[in-house]
Every structure is written in structure tokens, then in C-alpha cells.
Amino acid sequence: DSFVVAVVGATGAVGREMLKTLEARKFPVSKIVPLASSRSAGSEVEFNGEKVIVQELTEDSFEGIDLALFSAGGAVSEEYAPLAARSGCVVVDNSSTWRMDDQCPLVVPEVNPDDLDWHKGIIANPNCSTIQMVVPLKPIHDAAKITRIVVSTYQAVAGGGQKAMDEMTTQVRQMFNFDLESIEPKVMPYRIAFNCLPQIDVFLENDYTKEEMKMVHETHKIFGDDSFGVSPTAVRVPVYIGHSESVNIETEKKMTAAECRALLSQAPGVRVLDNPAEKIYPMPIEAVDEDDTFVGRIREDNTVENGLNMWICADNLRKGAALNAVQIAEELVKRDLVRVP
Ligand SMILES: O=C(O)CCCc1cccc(C(=O)O)c1C(=O)O
């Protein structure tokens, strides 16, 4: 059977990727309903070779909608996701609003698909940096029990949306014209062109950023296990699309680099690119427009008992957001769960 599917935030960077992914994976859509703010309503998007008019999001937009993918910011999710669920529409929300709500499953289909079974109408899509980390770490955790994670992220500007990407373009152009004075950052705290910013989102009381603490809390919820620590540093780097992460883990049981490589070569959603002698390793420019999470630079960390280092890259708009949301929708269809209990 096929479904009436809404995309809320259809004109944003992630919303557009959601439409592209629904089409590319031939999700069974009987009717697509692109929704956005009054500002974007009236514009057109393409879907399955047809032009579709973007409609304005209102409280009765969800009548007759079976499934709604949200990526329109936390405030819209907070107000409209419960409305949608109450009118019998299953919501997959890409914002952080519902991720830590104990009535909402927080799901990466390769990692914890069974959590979908207890959804009450709203399912949360994790933060992009969390998704690409848990995909390879879950099989390792199952095999050797992770006791500690230290992660440093190198996050693309696309995570800040189209405006952030445009800001970097402007800065690069200005710098090539040696016009440095007029660089006035608006979306990001400082100039990002040829720079690194160790701040993504706001700082909290503990001097970590919201982005860093999302990786801690969301990883624990997705694994259903908070017995291990997560020590995060999230950094913005001058890359357009594709997040990279340097991950160091300690495990209870010893796992060699070779065993880790072999395990990840079989892991769902993972592609191992790891041959230093041939200069083979993941890079963000190679991860763009790919479904997989790429892992390389796998090596033992002999400064601790059972340590491993690895380097992980993924397209943050795709597996980091839109693809994961569509894969959740696919899993809901498979489990006949496109219905609000
Ligand atoms: O900047 C990045 O590289 C990733 C940030 C993603 C993001 C941006 C604004 C708001 C939220 C949010 O939902 O709170 C989120 C999120 O956690 O998905």
C-alpha cells in the first residue's frame, strides 16, 4: 500500500534532501504534501517528475496525512508534531525537541529498530553527529562492550543550514579579493573561511556546547545503556557538506584493529575504507551523496588497555538527517507501524 506523506520544512536544506531521498528510494508515496512557513508557501518543489506547490503549514494541515517528516526547527516540531500525531499522522521529527522524551523512540534503523515498536505517534531522528558515530560503534559495543568514548567532530557548514553555507561562500570570495574588513559573520560566531570554530550551538553551564551534550545523551538513549562515558568536542570546519569524527574508544574485551576492520566490513550501513599503504581513508568530499557511513584509520591505542582509534565520515544532510528519517519510515512500513496507537 502507499501513503500520503508530508514534508514539513520542505524548502530547507534537509527538507529538500528528504524529498530527494523519498524519490530516490521509491518510498510508496500516493501523495506528497510539502509544507513550510507562510514565507516559503507558494514556491514549487519537484517530486517524482512533477512540480508540487509548497503549502503553508497550519494546524489542520495533517488531515488525511499518514506520515509527516519534520525538519523545520524545534519550535515548529514542538507545536505541530503533537497536533499531527493527534490527527492520526505518524511523525518522524529531525529536531531535538522530542529526542529525550520518554514517550518518543530515538532511532537509527541499523542500531535500535525495535524501539519503533513502542512509538506513540512521534519518533525522533537523532543529531547528525550522533547518527554517524553510533552506526559503526553499535556492532563493536555488542561484540566487546564499550566502556568509554572520546570524540572530536569536524562538522561541515551545512549543519548550520543554507544560510551558513552562503556565509562561507561570501567569506571565501571576499578573502580572494583581499577584502578582509567587510567580513561580518552573522550565522556563525566568527569567520569560518580557512578557520576552525570550537563552538556549535550555545554553551551550557558545564562549558560544553549543546551539540556536544546531544552526542552524550542521545548515544546513551539509542544504545539503551549509559554505563559508558562519552567525552565530546564539536568543531565547525570550512567544509560544505560531510561531517568527520575522530573517535577513540575503550572496550571491556580486547578487540584488535584487524578484528575491528573485519567486524565493521560486515556492519549494516558501514563502508570500511582503510588501507594506509595505498593512502585509502574516508574524506568528507567522498562521503557526500552516499548512504553509507565511512570508517578508516582503524588502529589500536596502546596507551590504554583495550583502546581503538578510528576516523568516521558521512553526509550530514543524508545519513545524518534525511536518509535516516526515510529509513525509519521504511522500517515503520515493514513493521506495519504507520499508525498512531
Ligand atoms: O550544526 C550542525 O552541524 C548540526 C546541528 C543540527 C541542528 C541545528 C539546529 C537545531 C537542531 C535541533 O534540532 O535542536 C539541530 C539538531 O540537533 O539536529
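Only a predicted model underlies this, so the values are computations on that prediction, with no experimental measurement involved. (Residues numbered from 1 in each chain as written. Predicted model: local features only at pLDDT ≥ 70, side-chain atom pairs only at ≥ 80, totals over all residues. Heavy atoms only, no water.)

### Quick word on the overall build of the protein chain
Summing up its helical and strand segments, the protein chain has eight helices and 14 strands in all. Taken over C-alpha atoms, the radius of gyration comes to 20 Å for the protein chain, in line with the 20 Å a tight globule of 341 residues would show. C-alpha extents for the protein chain along the principal axes are approximately 60 × 55 × 40 Å. Put simply, of all contacts in the protein chain between residues at least 6 apart along the chain, 67% involve residues at least 24 apart. Accessible area for the protein chain stands at about 15300 Å²; split by element, carbon and sulfur atoms hold 50% of it. In the protein chain, 33 side chains carry a positive charge and 52 a negative one; their mean positions are 3 Å apart. (Helix = DSSP H or I, 4+ residues; strand = E, 2+ residues; numbered from the N terminus. Rg over C-alpha atoms; globule rule 2.2 N^0.38 Å. Contact = heavy atoms within 4.5 Å. Areas by Shrake-Rupley, 256 points an atom, 1.4 Å probe, with all protein chains shown as cover. Lys, Arg positive; Asp, Glu negative; His and termini not counted. Charge placed at Lys NZ, Arg CZ, Asp CG, Glu CD.)

### Description of the layout of surface pockets
Volume-wise, the largest pocket comes out at about 1400 Å³. Broken down by secondary-structure element, the contributors of at least two residues to the lining of the largest pocket are α1 (13-24), α2 (74-86), α4 (162-176), α5 (210-223) and α8 (318-334). Tallying contributions element by element places α1 first for the lining of the largest pocket, with three residues. Residue classes in the lining of the largest pocket are distributed as 17 nonpolar, 22 polar and seven charged. Both of domain 1 (3-126 + 321-334) and domain 2 (130-315) provide at least three residues apiece to the lining of the largest pocket. (1 Å grid on protein atoms, 1.4 Å probe; cavity = no way out; pocket = protein on both sides within 12 Å on 5 of 7 lines; lining within 4 Å. Points joined across faces, edges and corners; volume = space filled by probe spheres on them. Nonpolar A, V, L, I, M, F, W, Y, C, P; charged D, E, K, R; others polar. Domains from an automatic or database assignment.)

### Section: the nonpolar core
Within the largest apolar cluster, 42 residues are counted, with the highest numbers of intra-cluster contacts made by Val 5, Leu 22, Phe 27, Ile 32, Leu 67 and Leu 332. Listing elements by their share of this core, those giving two or more residues are β1 (3-8), α1, β2 (29-36), β3 (44-47), β6 (67-70), β7 (90-93), α4 and α8. A total of seven residues in this core trace back to one element, the largest contributor, which is α8. In contact with Leu 332, not counting residues within four places along its chain, are Leu 67, Val 90, Val 92, Leu 116, His 119, Ile 123, Leu 337 and Val 338. With 34 residues, the next largest nonpolar core counts Met 133, Phe 228, Ala 257 and Leu 264 among its residues. (Core = buried A, V, L, I, M, F, W, Y, C linked by side-chain atoms within 4.5 Å. Buried < 20%, exposed > 50% of the residue type's maximum accessible area, 1.4 Å probe, protein only.)

### Some details on the domain arrangement of the protein chain
Once the domains are mapped, the protein chain shows domain 1 (3-126 + 321-334) and domain 2 (130-315). If you average the C-alpha positions of domain 1 and of domain 2, the two centres end up 25 Å apart. Taken residue by residue, the interface counts 21 residues in domain 1 and 17 residues in domain 2. Buried surface at the junction of domain 1 and domain 2, both sides included, amounts to about 1500 Å², of which 64% is carbon and sulfur. One salt bridge connects Asp 289 with Lys 20, and the closest N-O pair in it is separated by 3.3 Å. Where domain 1 meets domain 2, there are seven residue pairs in polar contact (both at pLDDT 80 or more). Elements with a minimum of two residues in the side of domain 1 that touches domain 2: α1 and α8. Residues of the side of domain 1 that touches domain 2, tallied by class, amount to 10 nonpolar, four polar and seven charged. (Buried area = accessible area lost by both parts, 1.4 Å probe. Salt bridge = Lys/Arg side-chain N within 4 Å of Asp/Glu carboxyl O. Polar contact = N/O pair within 3.5 Å; in protein donor to acceptor, adjacent residues only side chain to side chain.)

### Let's talk about the sheet that holds β7
Judged by pairing direction, the sheet is parallel, and its six strands sit side by side in the order β5-β2-β1-β6-β7-β8 without closing on themselves. Edge positions in the sheet fall to β5 (55-56) and β8 (122-124), since each has one partner strand and no second. Of the pairings in the sheet, the one linking β1 to β2 comprises six bridges and is parallel in character. Within β2, the residue paired with Phe 3 across the bridge is Val 29. (Pairing = 2+ DSSP bridges.)

### Points about the confidence of the model for the protein chain
In this model, the protein chain carries a mean pLDDT of 97, and residues with pLDDT of at least 70 account for 100%. Two numbers describe this predicted complex: its pTM, 0.97, and its ipTM, 0.99. (pLDDT = per-residue confidence, 0-100.)

### What to know about the site of the ligand
Around the ligand, the structure places 13 residues, and the nearest of them are Ser 96, Arg 99, Gln 155, Lys 214 and Arg 236. The separation between an oxygen atom of the ligand and a polar side-chain atom of Ser 96 is 2.5 Å. In the model, an oxygen atom of the ligand is placed 2.6 Å from a nitrogen or oxygen of the Lys 214 side chain. Compared with its free state, where it exposes 430 Å², the ligand has 75% of that area covered by protein. Residue classes in the shell around the ligand are distributed as two nonpolar, seven polar and four charged. In this structure, the shell around the ligand is formed jointly by two domains, domain 1 (3-126 + 321-334) and domain 2 (130-315), each of which donates at least three residues. (Near = heavy atom within 4 Å.)

### Considering unusual backbone geometry
One non-glycine residue with positive phi stands out, namely Lys 26, at about 50 degrees. Along the polypeptide, Lys 26 turns up in the loop between α1 and β2. Phi is positive for Phe 178, which is not a glycine, with a value near 50 degrees. Along the chain, the position of Phe 178 falls in the loop between α4 and α5.

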